Protein chains: 2
Amino acid sequence: MNILFIMYDQLRFDYLSCAGHPHLQTPNFDLVAARGMRFTNTYVQSPVCGPSRMSFYTGRYSSSHGAQWNGFPLRVGEVTLGDHLRDNGMACWLLGKTHMKADAKGMARLGLAPDSVIGARQADCGFDAWTRDDGLWGSGPDGSYDQKRSPYNEYLKSQGYDGDNPWADYANAGVDENGDMASGWMFQNADKPANIREQDSETPWLTSETIRFIEQAEGDWCAHVSFIKPHWPYIVPAPYHNLYGQQDILPPVRHEAELDNPHPVLGAYQETRVAEAFQQDEVRNKVIPAYMGLIKQCDDQLGRLLDYLEDTGRMDDTMIVLTSDHGDYLGDHWLGEKDFFHEAAVKIPLIVYDPRAVADATRGTTCDALVEAIDLSATFIEAAGGTVPGHIVEGRSLMPWLHGQTPDDWREVVISEYDFSVTPRCAALGLDARDARIFMVFDGRWKLIHFEGGFRPMLFDLEIDPNEFTDLGADPAHADQIDRLYGHLTHWGLRMAQRVTMSDADIAAARGRSLRRGIMPFLVDGSEVPPELTEKYRGRARQLFTDEPVAEELSHDV
Amino acid sequence: MNILFIMYDQLRFDYLSCAGHPHLQTPNFDLVAARGMRFTNTYVQSPVCGPSRMSFYTGRYSSSHGAQWNGFPLRVGEVTLGDHLRDNGMACWLLGKTHMKADAKGMARLGLAPDSVIGARQADCGFDAWTRDDGLWGSGPDGSYDQKRSPYNEYLKSQGYDGDNPWADYANAGVDENGDMASGWMFQNADKPANIREQDSETPWLTSETIRFIEQAEGDWCAHVSFIKPHWPYIVPAPYHNLYGQQDILPPVRHEAELDNPHPVLGAYQETRVAEAFQQDEVRNKVIPAYMGLIKQCDDQLGRLLDYLEDTGRMDDTMIVLTSDHGDYLGDHWLGEKDFFHEAAVKIPLIVYDPRAVADATRGTTCDALVEAIDLSATFIEAAGGTVPGHIVEGRSLMPWLHGQTPDDWREVVISEYDFSVTPRCAALGLDARDARIFMVFDGRWKLIHFEGGFRPMLFDLEIDPNEFTDLGADPAHADQIDRLYGHLTHWGLRMAQRVTMSDADIAAARGRSLRRGIMPFLVDGSEVPPELTEKYRGRARQLFTDEPVAEELSHDV
């Protein structure tokens with residue numbers, strides 16, 4: 001079996017027609033859902049690209065792998081999905097974005113050359129790169145955000161787009177009324193068509209790369225196809241730029257009460273530039289149609305890929321996974337971007353198609369179990385025929401659900417984390433870098449948000465308040481729920497996360513072993529153990545050494 | 001400055017005359033205490049050799065570095081004291097024991113050759129080995145406990161001791177009345193003199209190695225001199241074997257109440273072979289005098305080393321640290337060995353001599369601050385002139401205390417952990433390997449012991465009950481104290497332990513950087529930022545690409 005592990009960056013859980021969006025039709029996502037299973041309660045381990053992805057790619061919580069924000073390197077030696085799959089005879093390829101930054105200092109300490117196979121895998125979070133393009137080719141007065149080569153920019157140049165950075169100048173820019181560049185970085189330009197042939201834009205390009213990859217792939221493989229879109233810059237080529245208009249925009253999920261004496265950390269997020277932008281109707285009216293157009297383009301390109309798989313017979317031996325690394329507030333809760341724990345940000349779409357007959361019973365169904373992003377690594381290891389190494393991978397395989405079983409020991413809560421130490425909010429809130437961390441514990445109804453740094457928690461009851469307007473964290477009437485969820489958080493905090501060099505089987509095999517290897521410190525006279533353990537010490541005549549005088553200079557004060 | 005970081009294995013905190021032992025005179029330990037500072041409340045991060053040492057050698061808690069029991073490999077790439085010191089221009093050498101097991105699988109994954117400098121450091125927990133000898137050369141029907149070469153055994157053979165393993169046959173065995181070997185593995189032989197010339201026994205041998213090391217050492221260095229003794233096998237050469245008798249043994253610190261319906265995990269430890277042995281007076285009467293003799297020998301050899309340092313002027317530029325990796329129950333609390341959290345096991349001696357004038361004010365004093373073993377790595381980094389990398393090293397430098405200052409933000413609790421998954425108790429208690437873990441939180445008065453796996457906690461009040469006889473963990477009257485200490489445990493569990501690739505300075509420097517590197521997703525029209533950030537997007541005429549027709553096959557369902 002092969003695996004197409006497809007990620008759309010910043011795709012909200014509810015911006016698919018199969019998930020209920022009333023105005024955005026996504027027939028190809030829906031088709032995969034109809035042939036597979038849609039998980040309706042799936043949460044990322046961190047609502048921001050880098051740490052969320054490192055959790056997907058390691059199967060471990062953000063504070064377990066430590067790469068807790070964009071650009072925080074994943075520590076050298078951290079075991080990845082690619083390592084696990086290769087151990088089980090499955091190749092693991094990357095096409096597109098990872099947002100991985102190599103631990104250059106750690107690699108240097110271990111003498112790992114970046115251009116070796118091992119070094120390259122360390123630098124690409126365990127993948128072999130078919131084509132890696134992180135898709136954020138910004139540059140400014142202090143240089144470029146990303147120093148790597150951009151295969152996508154190279155492609156654009158080969159197609160006649162000029163300049164150093166056609167990603168910025170064409171794929172993510174329109175043209176204004178004067179014929180000048182209208183950068184997609186500015187929300188005011190989101191309604192313009194990107195100045196690029198649609199087939200040259202990012203989503204079709206990576207889809208073509210994917211087909212090109214599959215055409216040549218041999219053996220069992222997992223391909224992580226990782227689209228930058230519908231992530232910002234919010235601009236999309238024709239015809240997608242004007243498929244949707246103001247009438248297609250859902251009203252913002254927000255309430256005046258959320259602005260009334262908010263929790264200080266939430267308050268700081270309500271005052272960010274992006275939040276203040278999305279609080280403006282004119283921004284939402286320009287951006288959301290572009291966002292929807294980008295998703296529509298993703299859906300069309302998914303259709304193209306599905307057609308290819310169908311035509312080549314690969315639908316029969318390819319598992320398909322459609323998901324995202326986090327959502328997008330789009331003005332909900334007076335916020336933009338992601339970076340907090342409302343459903344719009346922390347919940348993601350997840351659709352899994354397992355081609356095997358064992359999954360027939362669940363086709364077209366949904367599963368509302370609490371799922372975490374880290375479960376995918378575990379699922380893929382099982383798909384590759386392996387056993388999930390539970391001492392490393394903290395997620396759980398979704399195979400039982402996919403095959404119509406209901407595990408009786410499934411998790412009671414999902415955990416997500418957010419480290420904002422690198423953001424200006426850390427300094428603005430007067431926090432030490434190690435205290436700028438937030439944890440979410442959600443049991444399907446109650447959502448506790450814990451803040452390091454001495455703040456009170458937040459609490460939402462999604463049964464009574466599905467829109468998460470009413471923060472109950474300061475309400476003494478809910479102290480019991482808060483205590484209960486803190487109990488889960490305490491237990492999680494003490495989890496066995498770093499004992500990564502010993503499997504449970506290793507441990508079981510080691511039990512009692514030292515005695516039979518001659519470590520026998522606990523014997524009074526040897527009769528406590530079988531004689532074969534002590535016979536070597538019996539009846540062996542010894543030359544005497546103790547009669548030697550003790551040298552004077554060696555004997556202090558005795 | 002140089003550092004002599006001297007560790008005695010399994011040396012109880014209270015078996016020194018400067019710490020109050022009434023019958024065991026240790027004038028050389030006392031001399032260092034008189035010239036330095038003695039820390040009277042120092043706790044190991046795990047009361048068993050391997051994980052405790054990995055905490056000393058990384059400056060990190062046991063569940064942070066993950067090598068949670070003897071023989072659990074320290075994960076490849078874990079940053080060690082040696083790495084930190086070398087970064088600050090100080091060599092870091094090993095003489096003696098570490099109990100480190102290399103992460104062979106991790107090293108293979110990263111292509112690290114064990115015989116390379118980098119590979120050897122990975123295999124020796126970051127040290128350069130002057131002489132590594134882990135000192136447990138047991139062998140039995142299933143082979144040898146330790147596969148490495150034993151420099152000490154090689155030395156013994158060079159001195160005329162015969163056989164494959166003179167460590168077992170001479171250094172750790174006496175001779176019985178028939179002239180046959182009387183193995184030190186059996187407690188019944190603990191009163192016999194080891195059948196070895198005293199100067200050839202382990203402690204003098206490693207002391208000689210240390211002097212030999214110092215004689216040739218150049219530049220700044222830290223030498224971890226790590227004696228196996230007074231660790232079992234409990235047998236010592238003449239004249240130390242009969243310096244102490246039954247009259248010198250302190251009565252066991254134990255109470256019948258401890259056997260009355262004990263906590264299930266403690267109860268399991270009370271039933272181990274070693275506990276049942278030490279519950280017998282005849283075992284204590286044989287073993288404790290040998291243990292005291294081993295310590296006396298350590299003291300004498302320390303005197304020899306101090307004389308050497310004095311004679312060569314090295315007392316003026318050498319920091320001396322005397323400590324242990326854990327204690328030894330010796331029958332206290334009906335237990336033997338270590339492996340639990342009473343003071344006898346988890347508290348260690350710590351004496352620090354700083355030769356510099358800045359430490360003059362504290363010479364001969366004691367410090368009762370709550371100190372953790374991980375503080376030594378931080379202290380040594382400062383001694384080497386470095387700044388403690390708080391994103392990696394979780395301990396705190398002791399320099400303020402040594403220099404007469406009182407930090408106003410010192411820790412409120414010490415944490416220690418114990419993972420007994422590999423022991424038969426795990427299976428006997430019906431625990432999953434990941435639940436066989438215990439955590440101690442101690443604030444100087446109240447000691448909470450938390451057990452994973454669903455057990456109630458234990459609680460001791462050392463002010464009222466300094467002998468720790470009365471477990472208050474099931475007493476509702478102390479629920480407030482239990483809650484308070486659980487609050488500390490929760491906070492600790494969420495600590496920032498794995499963000500090891502980004503220092504606080506790295507994070508501060510990264511704040512806001514992406515905007516000036518061209519990542520500008522949050523602009524409505526660009527007026528929000530200085531014009532130099534957006535000027536490249538203004539007034540640049542563009543060739544038009546959007547007029548190109550969209551290829552039919554690329555446009556699904558639009």
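Refer to the structure above for everything that follows.
Because the structure is predicted, anything quoted here is derived from the model rather than measured. (Residues numbered from 1 in each chain as written. Chains lettered and ligands numbered in written order. Predicted model: local features only at pLDDT ≥ 70, side-chain atom pairs only at ≥ 80, totals over all residues. Heavy atoms only, no water.)

Trainee: Describe in detail the interface of chain A and chain B, supporting the description with residues and values.
Mentor: Interfaces are frequently sized by the accessible area removed from exposure as the parts join. Listed as interface residues are 143 residues of chain A and, on the opposing side, 143 residues of chain B. Buried area between chain A and chain B, both sides added, is near 12400 Å², and the carbon and sulfur share of it is 59%. Between Arg540(B) and Asp169(A) there is a salt bridge; the shortest N-O distance is 2.9 Å. For the pair chain A and chain B, the interface holds 53 residue pairs in polar contact (both at pLDDT 80 or more). Top contributing element to the side of chain A that touches chain B by residue count: helix H12 (residues 281-311) of chain A, with 7 residues. Taken together, the residues of the side of chain A that touches chain B break down into 63 nonpolar, 42 polar and 38 charged. (Contact = heavy atoms within 4.5 Å. Buried area = accessible area lost by both parts, 1.4 Å probe. Salt bridge = Lys/Arg side-chain N within 4 Å of Asp/Glu carboxyl O. Polar contact = N/O pair within 3.5 Å; in protein donor to acceptor, adjacent residues only side chain to side chain. Helix = DSSP H or I, 4+ residues; strand = E, 2+ residues; numbered from the N terminus. Nonpolar A, V, L, I, M, F, W, Y, C, P; charged D, E, K, R; others polar.)

Trainee: Let's hear about the packing of aromatic side chains: which residues, and what values?
Mentor: Within the structure shown, the criterion is met by 65 aromatic pairs over all chains. Each ring, one from Tyr269(A) and one from Tyr418(A), has its centre 6.1 Å from the other, and the planes form 70 degrees; the classification is edge-to-face. One end of the pair, Tyr269(A), is in helix H10 (residues 264-270); the other, Tyr418(A), is in strand E18 (residues 414-419), with 149 residues separating them in the sequence. The structure contains a cluster of three or more aromatic residues connected by ring pairs, namely Tyr269(A), Phe340(A), Phe341(A), Tyr418(A), Phe420(A), Phe451(A) and Phe455(A). In this structure, Arg425(B) packs its charged tip against the face of Tyr269(B), placed 4.7 Å from the ring centre. (Phe/Tyr/Trp six-rings, centres within 6.5 Å; stacked < 30°, edge-to-face > 60°. Lys NZ or Arg CZ within 6 Å of the ring centre and 35° of its normal.)

Trainee: With reference to specific residues and values, describe unusual backbone geometry.
Mentor: With omega at 0 degrees, the peptide bond leading from Trp232(A) into Pro233(A) counts as cis. Structurally, Pro233(A) can be placed in the loop between strand E11 (221-227) and strand E12 (236-237). Even without a glycine there, the phi angle at Cys125(A) is positive, about 40 degrees. Within the element layout of this structure, Cys125(A) appears in the loop between helix H6 (117-123) and strand E5 (128-132). Cys125(A) sits in the buried class, given a relative accessible area of 2%. Located in the positive-phi region is Asp339(B), a residue other than glycine, with phi close to 75 degrees. The residue Asp339(B) is located in the loop between strand E13 (318-324) and helix H13 (343-346) in this model. (Buried < 20%, exposed > 50% of the residue type's maximum accessible area, 1.4 Å probe, protein only.)

Trainee: I'd like to hear about the pairing of strand E4 (residues 91-96) of chain B, residue by residue, with values.
Mentor: Residue and element names in this part refer to chain B. By the bridge criterion, 6 bridges tie E4 to strand E11 (residues 221-227) in an arrangement that is parallel. If you follow Leu-94 over to E11, its bridge partner there is His-224. Here 4 bridges tie E4 to strand E5 (residues 128-132), and the two strands are oriented parallel to one another. Across the sheet, the residue bridging to Gly-96 is Arg-132, located in E5. (Pairing = 2+ DSSP bridges.)

Trainee: Break down the relation of the copies chain A and chain B for me, citing the residues and quoting the values.
Mentor: Relative to chain B, chain A is turned by 180 degrees and slid 0.0 Å along the rotation axis, the superposed coordinates differing by an RMSD of 0.1 Å. Taken together, the rotation and translation relating the two chain copies correspond to the operation of a two-fold axis. The share of interface residues of chain A whose copies in chain B are also at the interface is 100%, consistent with both copies meeting through the same surface. (Least-squares fit on C-alpha atoms with pLDDT ≥ 70 in both.)

Trainee: Report on helix H9 (residues 202-216) of chain A, specifying residues and quantitative values.
Mentor: All names here are of chain A. Under the 1.5 Å per step criterion, the end-to-end length of H9 is 22 Å for 15 residues, consistent within 8% with the ideal 21 Å. The element H9 is extensively covered by neighbouring structure, given that 11 of its 15 residues are classed as buried. Taken together, the buried positions of H9 are Glu-202, Thr-203, Pro-204, Trp-205, Leu-206, Thr-207, Glu-209, Thr-210, Ile-211, Phe-213 and Ile-214. (Expected span 1.5 Å × (residues − 1).)

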